[in-house]
Amino acid sequence: MRIRLHAVLGGLVLCAHSPVSTVAGEEKDSVPDFTRDVLPIFEAKCLRCHGAKKRAGKLDMRTLDALRKGGVTSPAIQPGNARKSLLIELLHYNEMPPKKETPRVTKEELELLRKWINAMPVPSATSPNR
Ligand code: HEC
């Protein structure tokens, strides 16, 4: 990618790498995107057991639909409500990936996943969600 560096003597160079530049508060950055932000975490830490080859707990984590559907227990995610999402709960209590497994999900990743779920539109009308 060509960046007009020749026209820039200093200050502007930083902008080339950060398309997201409206940071109002510390917590307030852009909404995580499934394919861009979430899936890479799952790929690195979950899909080995919840993907093409294995579906532990009958859970497939490769698509949003499959996550909404969930596994043997319940849907893995509750759009708009990270606190009620099984996936978040298991990560929060350090149950997934299973204890001996590495790499584990970091605090930052967990925050990102929370934000992602909370930002999801709640399916209205269809779900009496209380
Ligand atoms: C080494 C394999 C392994 C890895 C890696 C792993 N899991 Fe699991 N996961 C399991 C097994 C096995 C179960 C079923 C546990 C049970 O039923 O007690 C399970 C169950 C689950 C469930 C509950 C499914 C249901 O409805 O009962 C969720 C949600 C889940 N995993 C999320 C994750 C997430 C998120 C990651 C990545 C951070 C992950 N898992 C990584 C093996 C794995």
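Scroll up a little and you will see the structure.
Right, let's walk through the structure included here. (Residues numbered from 1 in each chain as written. Predicted model: local features only at pLDDT ≥ 70, side-chain atom pairs only at ≥ 80, totals over all residues.)

Along its length, the protein chain carries four helices and zero strands. The secondary structure elements of the protein chain, listed N-terminal to C-terminal, are α-α-α-α. Taking all contacts inside the protein chain whose residues are at least 6 apart in sequence as the whole, residues at least 24 apart take part in 40%. (Helix = DSSP H or I, 4+ residues; strand = E, 2+ residues; numbered from the N terminus. Contact = placed C-beta atoms within 7 Å.)

Surrounding the ligand, one finds 23 residues, the nearest of these being Cys46, Cys49, Ala56, Gly71 and Thr73. A per-element tally of the shell around the ligand places helix H3 (residues 86–92) first, with four residues. Across the shell around the ligand, the residue classes tally to 14 nonpolar, six polar and three charged. (Near = placed C-beta within 6 Å. Nonpolar A, V, L, I, M, F, W, Y, C, P; charged D, E, K, R; others polar.)

By size, the foremost hydrophobic cluster in this structure holds 20 residues, and its most contacted members are Ala76, Leu87, Ile88, Leu91, Leu113 and Ile117. Breaking this core down by element, the ones donating at least two residues are helix H1 (34–45), H3 and helix H4 (107–118). Per-element tally for this core: the top contributor is H3, with four residues. For Leu113, the contacting residues outside a window of four places in its chain are Val38, Ile88 and Leu91. (Core = buried A, V, L, I, M, F, W, Y, C linked by C-beta atoms within 7 Å. Buried ≥ 20, exposed ≤ 12 C-beta atoms within 10 Å, placed from the backbone.)

Structurally, Arg104 can be placed in the loop between H3 and H4. Take Arg104: there are 13 C-beta atoms within 10 Å of it, and that puts it in the partly exposed class. Taking the C-alpha atoms as reference points, Arg104 and Leu91, separated by 13 residues in sequence, lie 9.0 Å from one another.

Attention now moves to the packing of H1 against H4. Contact pair H1 / H4: the axes reach a minimum separation of 11 Å and the direction vectors enclose 130 degrees. Put simply, H1 runs oblique to H4. When the axes of H1 and H4 are compared, the crossing they make is left-handed. Listed contacts from H4 to Asp37, Val38 and Ile41 of H1 are Glu109, Leu112, Leu113 and Trp116. (Axes fitted to C-alpha atoms, helices over the stretch in contact; angles between N-to-C directions. Parallel < 35°, antiparallel > 145°, perpendicular 65-115°, else oblique. Left-handed = near helix turned anticlockwise from the far one by under 90°.)

In this fold, Pro103 is placed in the loop between H3 and H4. Residue contacts for Pro103: discarding those within four places in its chain leaves Ala44 and Lys45.

In a regular helix each residue adds 1.5 Å, so 12 residues correspond to 16 Å; H4 covers 16 Å between its end C-alpha atoms and thus fits that length. At its buried positions, H4 is contacted by H1 and H3. (Expected span 1.5 Å × (residues − 1).)

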